[in-house]
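# Coordinate analysis (summary)
Here is what each chain is made of, one letter per residue.
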Amino acid sequence: MIDVKELLVNETATLKDALMQLDKTGQGILFLINVKGEFIRTITDGDLRRLILSGHGIESNLNHLSKQQSKFLTHTATEKDAFQLMQKYELDHIPVLDNQNRPIRLIHRREIPQSILLSTPHIGDFEQQYVAEAFATNWIAPLGPNVDAFEREIAEYLNVPTAAALSSGTAAIHLALVLLNVGPNDRVFCSSFTFVASANPILYQGATPVFIDSEPTSWNMSPKALERALKEADAEGQLPKAVIVVNLYGQSADMDPLKALCDSYGVPIVEDAAESLGATYKNKASGTFGHIGIYSFNGNKIITTSGGGMLVAQDPEIVERARFLSTQSRDPAPHYQHSCVGYNYRMSNVLAGIGRGQLKVLDERVKARRDIYAAYTKEFSEYDSVNMMPEASYGRSTHWLSALILDPEKTDLKPKQLIDHLFQRNIEARHVWKPMHLQPIFSNAQYYSHELDFSVSDYLFNHAVCLPSGSNMTAQDITRVIAVSGEILTKELA
Ligand SMILES: Cc1ncc(COP(=O)(O)O)c(C=O)c1O
């Protein structure tokens, strides 16, 4: 690292002095200071060239430079601050000043580790080819050969008869509720520990959500809580029209007991597998156990179409009806004729091309995310206070997101402290989903906790954190997340 003193140039120096100093130090930057040593501005080759071009001789004084305010950081700034400033102003280097405004350090962009994000798109080798075909054949529409092929290929992957490609996972959940005739005055049970997109379509249909807690072994819907909820609903003559079971963070819910309960009351399941494409439950594809299953291809998912969704069912008529509803419910007539409400929910042929390319690498993406989880599990096992999200023995999780729990019995460290610490070092971690029964929008909704006196999802929300899990993370990225987390975990232990 260069001694910052070599970069200091006094405002009384000449252009020639500065050029020679720039040449000698080879950093491409100098710091102009006043007699008190206080920072005035940065000087680059370009600044000196512009001075010469504006008619100043080589012996001219540097105080002819404009008094522009160069960007700088104070000595308390973090890597994150440096990265953000560099991104915002497209800078390659920034001076750091002490509390008397004297330069103490030069930070180069190359010294700042790239940011590590939670889960970013990971494009493979084939997507562009399918997208190019869509352009070449002018199939730039919410129908076309890529849509048909993507549906066929995903149905084959999942081992279901057929699938309907839609504009989003949320659209797929909405259509699932429409297909099950959910309407005003109906109740729909839904996992509480999920993203709001699982529950919003209940409101689109004017129905009433009832939230069901998770169980601790999979973090997914608790059969115990569901049983209580169904029993009570039955006694009140208010059984739900559907139960939305969510498979969280790449792991299937324990479908057998959930299905047995729903079957015994004659209530269909909508399986929200937005986060669990590629996972299995008892050797069968996750998302294929409900009456209707849905997937998401949002940009952060294990494979993406930038935005998109899929609806599957064992009954091909349901899927055909979903295609009909998703294209404005157009009756088979020579003119535009409509007998029921329709939606514009079909996937575009261009995006289906991305999906086809992504599907080819799904198994690789699953392996990469599982490897990340394995690395976190191994390295964090050295901290007594940290437990990873468990993998239930009945299936294979994709570990779409790796999450850890900070055991409150063993540490006072809170999720926010860990998240903030990682953020300061340019690493994105997030709180786990805030349960739906704690959301202001659902403050009046009924809720069934796992135990009468213990809510698993409240506990997880208070103590768990999602770590970066993208399949395009490098080995160094994973090591960095572990090391930077270790800084605060170790401190906590000390
Ligand atoms: C559990 C869950 N359900 C539904 C969705 C909605 O999917 P989309 O974003 O494709 O609408 C998501 C993700 O976004 C999700 O995580």
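Note: the structure precedes this text.
Since the model is a prediction, treat every value here as computed from it, not as a measurement.

Parameters and conventions
- Residues numbered from 1 in each chain as written.
- Predicted model: local features only at pLDDT ≥ 70, side-chain atom pairs only at ≥ 80, totals over all residues.
- Heavy atoms only, no water.
- Buried < 20%, exposed > 50% of the residue type's maximum accessible area, 1.4 Å probe, protein only.
- Helix = DSSP H or I, 4+ residues; strand = E, 2+ residues; numbered from the N terminus.
- Pairing = 2+ DSSP bridges.
- Right-handed = clockwise from strand over helix to strand, strands pointing away.
- Axes fitted to C-alpha atoms, helices over the stretch in contact; angles between N-to-C directions.
- Parallel < 35°, antiparallel > 145°, perpendicular 65-115°, else oblique.
- Left-handed = near helix turned anticlockwise from the far one by under 90°.
- Contact = heavy atoms within 4.5 Å.
- Nonpolar A, V, L, I, M, F, W, Y, C, P; charged D, E, K, R; others polar.

## A few points about the pairing of strand β10 (residues 242-246)
Most of β10 is tucked away, with 5 of its 5 residues classed as buried. Side-chain alternation along β10 places Ala242, Ile244 and Val246 on one buried face and Val243 and Val245 on a second face that is also buried. Bridge count between strand β8 (residues 187-191) and β10: 3 bridges; the pairing is parallel. The residue of β10 that forms the bridge with cysteine 190 is isoleucine 244. Bridge count for β10 against strand β11 (residues 269-272) is 4 bridges, and the pairing is parallel. Each bridged residue has a counterpart across the sheet, and for valine 243 the counterpart in β11 is isoleucine 269. Regarding the hand of the β-α-β motif, the stretch spanning β10, helix α9 (residues 255-265) and β11 is right-handed.

## What about the pairing of strand β6 (residues 103-108)?
Along any regular strand, the residues point their side chains to alternate faces of the sheet. Where strand β5 (residues 93-97) and β6 come together, 5 bridges link them in antiparallel fashion. Residue pairing across strands places leucine 97 opposite proline 103, the latter belonging to β6.

## Section: the packing of helix α1 (residues 15-25) against helix α2 (residues 45-53)
Between α1 and α2, the least distance of the axes is 11 Å, while the angle of their chain directions is 150 degrees. Here α1 is positioned roughly antiparallel relative to α2, judged by the angle of their axes. The chirality of how α1 crosses α2 is left-handed. On the side of α1, the interface is formed by Leu15, Ala18, Leu19 and Leu22, while α2 contributes Asp45, Leu48, Leu51 and Ile52. Taken together, the residues of the contact of α1 with α2 sort by class into 7 nonpolar, no polar and 1 charged.

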